[in-house]
Amino acid sequence: MTQGRPEGAASAPLWERDTEIAVVARALGELCADAASSGSLVVFSGEAGIGKTALLEEVRRIAAGRATVWSARGGETVTSVPFNVVRQLLQPALLALSQEEAREYFGDWYDIAGPALGIAEPTGRQADPQGVRDGLVVAVSRLARLHWPLVLLIDDAQWADEETLHWLAAFAERLDDLPVLVVVAHREGEATAASTGHLEAVGAAARPRTTLHALTPDATAGLTRGALGAHADAPFCREVWAVTGGNPYETVELLAKVQDSAFEPTEASAGELRALNKSARGRGLVDRLEGLGTDATRFAWAAAILGTRIEPELAARLAGMTAGEAHRCAERLRGARILTDADYAGHAEALEFVHPLIASAVYRSIPAATRTAMHGQAAWAVTASGHGAAAASRHLLQVHPDDDPELVEQLRVAAGEHLAVGAPEAARRCLERALQEPPLPDVRPHLLHELGRATLLTSPAVTIGYLRQALDTEPGLDSDTRVDAVCRLSQALVHNDQLEEALRAIDTEAARLDAGPGRLRLQAMRYMWEGIHAGEEDSPGRSRSLAALAGSLTGRDNSERVLLILRAFDAMTRGENAEEIVELCDRALVNERLAPGLGWTDPEWGFELLAMLGSAYLFADRLDRAESLFTEAVRAYETAGWSGGHLALAHAFVGYVHRRRGRLTDAEAVLRESLRIADRVGRGLPMHWDAACMLIDTLVARGRTDEAMEIADRYSFAPPYPSTIVLPDVHSVRGRLLIAAGRSEEGVNELEAAAKAATARGGHNTIMAPWACDLARALAIDDPRRARQLAIDARLQAERFGTDTAIGEALRCEAALETGQRSLIRQVGHVPRSVPVCVRTRGGPRRVRHRGSFRRGAQPWLHAGQVVWRRRSGRSCPRGPGHGPRPALTDTSRRTAHTRWPASSTALRLVPSRSSIAVTRWPSRVAPTVWPLVPARSSTRVAACADRRRPACTDRPPPAVRAVTGDR
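Residues numbered from 1 in each chain as written. Predicted model: local features only at pLDDT ≥ 70, side-chain atom pairs only at ≥ 80, totals over all residues. Heavy atoms only, no water.

Caption draft 1: Inspection of the overall build of the chain at higher detail. If you tally the helices and strands in the chain, you get 42 helices and 14 strands. Considering only intrachain contacts with a sequence separation of at least 6, the fraction spanning at least 24 residues in the chain is 65%. (Helix = DSSP H or I, 4+ residues; strand = E, 2+ residues; numbered from the N terminus. Contact = heavy atoms within 4.5 Å.)

So, in structure tokens, the structure goes:
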């Protein structure tokens, strides 16, 4: 414990703070030693006056001359100003950069983070809060490297705006990679509920997190004698400690009052200390302020209304003074230790209160009516100074409702500015205050509609209430706005798990409208919500009505294109003909691109619709189109700064495209990134189900069951399931996982549930919902008859769907249930004309198609037989050894051509291999090598060794191929 003044201390309160100062000094030393060093975060907390501000000033003193120091402070009256503290923090660097330099330095993040920092105009669309936070993290990271070594000081973080605290929590996670020291100080128990969560996240990342305690009697005695002289006797010093409780700020203020009053620091005058202490805070401070005169009091009130880092000109305007009068008042307040000069870049004469306790006491001393009136005047003064509606809005929030249409319009403008910089909560506060004014009758429904749009992403339940009021208010919304309100209401209801109410709202509004774009949009929205609902009733009936509605549409406008997408997605989930599904998807595009107004960031339809389009391509074996669409989504969201749930889902679908292509390593990496992004948004959200399901499916395909189970446990991948469809089918993936983990009975139950759901839907996509093949394999021993029937049904369903992937998987399943000659004759006889087979000959790998049934004469082999080549490109159809190339084919992929191999040199033989089918080539004097027969589009091959120098072929398919085929 410190018994004397700390060596090198800059101010009196720094007694018994040796440990805290040593921690900061060590972190600063590490920072300055190497530009590649890791950053660190130090958090100090404690009650008001415990010495946090003084400790930060000591950090500034230690860092002076060694590092760049930027500082900011939260304020009790400015908590509603979004990005206020982070703007203060970065102001020195931002003022040093021209607009061109800032744009060049921040790059793609300039238009995203620039509006929040006040250095760029908003882009005009609603900014994604998560994207803005990411942009700020990148911006500060680049500035940290530019100004290394850099120290950031944030005082009174409990009063920092919510947007700054959210950024700080995200930035704290990056400090291991950044050369920056961050020191944060905050009071305990005074933050709002939302701010408390962010402060806890910041504290969890701190090294260390320290709670400051009051001074001991010995330290208080040392502090007293240091201020009043060594002759201060022990009883006097003990009374100082008893009066102040060891609070450093109160102790310093009390000793200053003792010096001003010329008391002798002896036991005889110790009785005067309590009365003297009261004058240093609370009512005593107010009395002292009033003793400075009316003008000084009015100037102090104006300063308290404006908050932190006060511009003297603005305070003078608010106080109704000339510049000379304001200057004289400021001097008196400086002398009374109420105001002091602020180190505020760009405002050399800026002021701030000596201590936050003084600011709070002065603000609360203003009579309520006067305080409200001054906030109204401050709003006018701020607007007149050119700071804009958003800057004035915090004052407007404090004004009493007075039926003022102009105030309503100011708040609506401010809300739009807040949304444009990524602060939806600030926008919500403005609009809710405007609603209390109240607005004019014809403005009220539009204001409610704006409120519903502002709260849609943050509070669906609140959105529902506002939008319902907007729809019920008379006079109401115009037709187009009303349709938009109904669509957004249905979206909020679906997100709040109220599908039936969403459908009723759409039906009610659609019944009021005549045929036209508005009604068609509502119908499309209804089909979309029904299409993604897992527990939908009468699915076949819905599919028939959707097919009838979309059948004659050509895609001439976006409403028709939406219906075509919905029809394609429905057909895909039911396993209808894949070529027709792709044709529907193509009709929904314009020149093979998304139509204007249907882009990934366009607000009218949202992510769900385009995800349906990409999924239809994905599970219809048009992986090129699916990959292009979802890659475009990632690029669009990153460009727009949307780095929340939309980006997470876009990454998830890109990852699953890799999964379907057999790129399992790439798929796993992208899907894990998707979950990382989703985790930043929240927990237990719908996006987690899709990303986790896709990752689990990928890990099971790689044979990494333990990791898949760990993901399932982490994200509660178990019943109850969400009410919306999860891609791929959640029952199928969980059933496959449980069987792979040895929990066969549970897995079979999951697959049976999937079968029940597919029956209710009237069909299923055997790739999106592969339950049938997995269930057949699981029942092969206990119930072979049913297993065989399931496999046959799966093949029939796959042939109905018609993709190579679906048919090949179904054939593998059937083959896995049979052995020996019976398997060969049964399965080869079922090979359809659409399945290509890849055979390696002397001329290299060849894809072949059989022309009919191989059962001819029940022969298990084909000697010098006729094979049919599938046309996939404009290249010549290859022929066997000793023959020249055949002419190129000109028809579609259904055209075939014939070729022969000389019987003396080549024989093709079909044999069973590892419960599968295989094709081998048997040259003379060479033993056959067998590979599984699988669809060529699955990136697999069937090869026979034609090398006479080796008795067996030793090459294997590439890893991605082995993962798809199950060959490890």
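Alright, that's what it looks like, and here's the rest.
Caption draft 2: Expanded view of the nonpolar core. Residues Phe299 and Leu566 are the most contacted members of the largest nonpolar core, which totals 177 residues. Setting aside chain neighbours within four positions, we find leucine 566 in contact with Ala524, Tyr527, Met528, Leu546, Leu609 and Met612. Grouped together as the second largest cluster of nonpolar side chains are 49 residues, Leu41, Phe83, Leu152 and Ala157 included. (Core = buried A, V, L, I, M, F, W, Y, C linked by side-chain atoms within 4.5 Å. Buried < 20%, exposed > 50% of the residue type's maximum accessible area, 1.4 Å probe, protein only.)

Caption draft 3: A look at the sheet that holds strand β5 (residues 209-211). If you trace the 5 strands from one edge of the open sheet to the other, you get β2-β3-β4-β1-β5, paired in parallel fashion. The sheet terminates laterally at β2 (68-73) and β5, the two strands that pair on one side only. With strand direction ignored, the average angle separating the axes of adjacent strands in the sheet is 15°. The sheet contact formed by strand β1 (residues 40-46) and β5 spans 3 bridges and is parallel. Note on β5: the bridge partner recorded for valine 43 is arginine 209. (Pairing = 2+ DSSP bridges. Axes fitted to C-alpha atoms, helices over the stretch in contact; angles between N-to-C directions.)

Caption draft 4: Expanded view of the pairing of β1. Most of β1 sits out of view: 7 of its 7 residues are buried. For β1 and strand β4 (residues 180-187), the ladder comprises 7 bridges, and the chain directions are parallel. Within β4, the residue paired with glycine 46 across the bridge is arginine 187.

Caption draft 5: Broad picture of helix α33 (residues 664-681). In this model, α33 (18 residues) spans 26 Å end to end at C-alpha, consistent with the 26 Å of a helix rising 1.5 Å per residue. Those residues of α33 not exposed but buried are Leu664, Ala667, Glu668, Val670, Leu671, Ser674, Leu675, Ile677 and Ala678. (Expected span 1.5 Å × (residues − 1).)

Caption draft 6: Spatial organisation of the pattern of salt bridges. Taken as a whole, this structure holds 53 salt bridges when the rule is applied. For arginine 567, the salt bridge is made with glutamate 576, and the minimal N-O distance between the two is 2.8 Å. For arginine 567, a relative accessible area of 12% gives the class buried. The closest approach of N and O atoms between arginine 663 and glutamate 627, which form a salt bridge, is 3.2 Å. Of the two residues, arginine 663 is situated in the loop between α32 (645-661) and α33 and glutamate 627 in helix α31 (residues 623-640); the sequence distance between them amounts to 36 residues. Classification of arginine 663 by relative accessible area gives partly exposed; the value is 32%. When salt bridges that share partners are traced, they join Asp507, Arg526, Glu530, Arg542, Arg567, Asp570, Arg574 and Glu576 into one network. (Salt bridge = Lys/Arg side-chain N within 4 Å of Asp/Glu carboxyl O.)

Caption draft 7: Representation of unusual backbone geometry in the model. In the segment running from glutamate 474 into proline 475, the intervening peptide bond is cis, with an omega of -5°. Locating proline 475 in the fold gives a position in the loop between α23 (460-472) and α24 (479-495). Along the chain, proline 719 connects to proline 720 via a cis peptide bond; the corresponding omega equals 0°. Inspection of the secondary structure assignment puts proline 720 in the loop between α35 (705-714) and α36 (730-740). A positive phi angle is found at asparagine 591, which is not glycine, with a value near 55°.

Caption draft 8: The environment of arginine 672, seen in detail. Looking at the element boundaries, arginine 672 is found in helix α33. Take arginine 672: its relative accessible area is 31%, and that puts it in the partly exposed class. Residues arginine 672 and alanine 692 lie 20 residues apart in sequence; the distance between their C-alpha atoms is 8.5 Å. Residues contacting arginine 672, with those up to four places away along its chain left out, are Leu695, Leu699, Arg704, Glu707 and Ile711. Among the polar contacts made by the side chain of arginine 672, one reaches the side chain of glutamate 707 at a distance of 3.3 Å. (Polar contact = N/O pair within 3.5 Å; in protein donor to acceptor, adjacent residues only side chain to side chain.)

Caption draft 9: Representation of the packing of aromatic side chains. Going through the model one piece at a time under the given rule, you end up with 12 aromatic pairs. When the ring of phenylalanine 607 is compared with that of tyrosine 637, the centres are 6.2 Å apart and the planes differ by 35°; the resulting orientation is tilted. Taken together, the residues span a long stretch of sequence, with phenylalanine 607 in helix α30 (residues 607-619) and tyrosine 637 in helix α31 at a distance of 30 residues. Per residue, the accessibility class of phenylalanine 607 equals that of tyrosine 637, and both read buried. The interplanar angle of 80° and the centroid separation of 5.8 Å between the aromatic rings of tryptophan 689 and tyrosine 721 together place this pair among those described as edge-to-face. Placement of tryptophan 689 in helix α34 (residues 686-701) and of tyrosine 721 in the loop between α35 and α36 is noted, with a sequence separation of 32 residues between them. With relative accessibility at 12%, the residue tryptophan 689 sits in the buried group. Looking at arginine 371, its charged tip hangs above the ring of tyrosine 363, at a distance of 5.2 Å from the centre. (Phe/Tyr/Trp six-rings, centres within 6.5 Å; stacked < 30°, edge-to-face > 60°. Lys NZ or Arg CZ within 6 Å of the ring centre and 35° of its normal.)

Caption draft 10: Quick look at α30. With 13 residues, α30 extends 18 Å from end C-alpha to end C-alpha; this agrees with the ideal 18 Å at 1.5 Å per step. Across the 13 residues of α30, 13 count as buried, placing the element largely inside the fold. Backbone geometry just downstream of α30 places aspartate 621 in the positive-phi region, at approximately 70°.

Caption draft 11: View of the environment of aspartate 570. Mapped onto the elements, aspartate 570 comes out in helix α28 (residues 558-574). With a relative accessible area of 2%, aspartate 570 lands in the buried category. Excluding its chain neighbours within four sequence positions, the residues that come into contact with aspartate 570 are Arg542, Ser543, Leu546 and Arg761. Reaching out from aspartate 570, the side chain makes a polar contact with the side chain of serine 543 at a distance of 2.7 Å.

Caption draft 12: Just the side chain of glutamine 88, in detail. Looking at where glutamine 88 falls in the secondary structure, it is placed in helix α3 (residues 84-95). By relative accessible area, glutamine 88 is classed as buried at 5%. A polar contact of 3.1 Å, which involves the side chain of glutamine 88, links it to the backbone oxygen of arginine 73.

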